[in-house]
Every structure is written in C-alpha cells, then in structure tokens.
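Each chain, written out:
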Amino acid sequence: VGPRATGGRDLYGWDMNGFASSNWQAAGVLGWRLNEHVRPYLVAGFAGLDGQLHYRGYVGGAGLDLTLAKNLFGFVEYNGLWMDPKNNKKPEDHRVRLGVKVNLF
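What counts as what
Residues numbered from 1 in each chain as written. Predicted model: local features only at pLDDT ≥ 70, side-chain atom pairs only at ≥ 80, totals over all residues. Heavy atoms only, no water. pLDDT = per-residue confidence, 0-100. Helix = DSSP H or I, 4+ residues; strand = E, 2+ residues; numbered from the N terminus. Polar contact = N/O pair within 3.5 Å; in protein donor to acceptor, adjacent residues only side chain to side chain. Contact = heavy atoms within 4.5 Å. 1 Å grid on protein atoms, 1.4 Å probe; cavity = no way out; pocket = protein on both sides within 12 Å on 5 of 7 lines; lining within 4 Å. Points joined across faces, edges and corners; volume = space filled by probe spheres on them. Pairing = 2+ DSSP bridges. Salt bridge = Lys/Arg side-chain N within 4 Å of Asp/Glu carboxyl O. Buried < 20%, exposed > 50% of the residue type's maximum accessible area, 1.4 Å probe, protein only.

Trainee: What should I look at first to understand the confidence of the model for the protein in this one?
Mentor: In low-pLDDT segments, the atomic positions of the prediction should not be examined closely. When the pLDDT values of the protein are averaged, the result is 78; 69% of them are 70 or greater. Here strand β1 (residues 4-14) is the element of the protein with the lowest mean pLDDT, 59, and strand β4 (residues 55-69) is the one with the highest, 90.

Trainee: What should I look at first to understand the side chain of D65 in this one?
Mentor: Mapped onto the fold, D65 is located in strand β4. Side-chain polar atoms of D65 contact the side chain of R39, separated by 2.6 Å. Looking at D65, its side chain comes within polar contact range of the side chain of K101, at 3.1 Å. Those residues in contact with D65, other than ones at most four positions away along the chain, are H37, V38, R39, Y41, G74, F75 and K101.

Trainee: Quick question: what am I supposed to make of the layout of surface pockets here?
Mentor: Which parts of space are left empty comes out when a probe the size of a water molecule is rolled across the atoms. Its boundaries defined by the atoms lining it, the second largest pocket holds a volume of some 210 Å³. R33, E36, H37, V38, R39, D65, L66, T67, F73, K101, V102 and N103 are the residues that line the second largest pocket. Contributing elements (two or more residues each) for the lining of the second largest pocket: β3 (38-50), β4 and β6 (92-102). When residues of the lining of the second largest pocket are assigned to their parent elements, the largest contribution, 3 residues, is made by β4.

Trainee: Help me understand the pairing of β4, please; the structure alone is not making it clear to me.
Mentor: The side chains of a regular strand alternate between the sheet's two faces. The sheet contact formed by β4 and strand β5 (residues 72-83) spans 12 bridges and is antiparallel. Paired with G61 across the strands is N79, a residue of β5. The hairpin formed by β4 and β5 contains 2 residues between the paired strands.

Trainee: Sorry if this is basic, but what is going on with the pattern of salt bridges here?
Mentor: Two side chains that carry opposite charge are able to pair once their charged atoms sit near each other. Using the criterion set out here, one finds 3 salt bridges in the structure. Residue D65 pairs with K101 through a salt bridge whose shortest N-O separation is 3.1 Å. Linking D65 in strand β4 with K101 in strand β6, this pair joins segments that are 36 residues apart in sequence. Given the relative accessible area of 30%, K101 is considered partly exposed. In this structure, E77 engages R97 in a salt bridge whose closest nitrogen and oxygen atoms are separated by 3.8 Å. Here R97 lies in strand β6 and E77 lies in strand β5, a separation of 20 residues in the sequence.

Below, the structure written as structure tokens:
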C-alpha cells in the first residue's frame, strides 16, 4: 500500500426550482494509493439543506479514482446524506456519481 493522501472539499449548490433551497457539504477525504493508477478513498463530514426547512446532518461515502492520463482521472463515488429529523421527516439521500476530473495544476 502506497502513501496516504488526505484532503478536503466543500460543495455548495442550489435547487433548480428558482434557487428556492441550497445545499452544502464540508468533508474530509482520506485516500490510499494502491499503485500509480488506482486510489480508493473515504469521505466524511457535515452537510446542510437551507430553504423553507433547515436541516443539518452528515455525509459519508467512498470512491475510487483511476488515472486515465497524466492529469486526467476517472472516478466512481458513493455518497450517503443523513439529516436530523424535523417535522417528523427524516430526509436522507444516496447517490452514486461517475465522472472525470482534470488536474489543472
């Protein structure tokens, strides 16, 4: 197992319905370089949803980066989002993302 890679990320987005609500995440990332082409990683942090109802909760997940070229990476990632219940509702969201990352620097 190669050296560990640590980092963080923050995300902020808006609902497509007239910016009625916004969501945010602040998470840490911990990864391991298995070889020069494969890096699995874990994601954990805090999340929120602001709009008519305000929710706060946690985000967690795991992913895999694959080196496609010198500064080009493919990835697959699972994210789970668990919010504190308000008004007898317990929102949660589970997503699998697939995409490409470009390292500009």
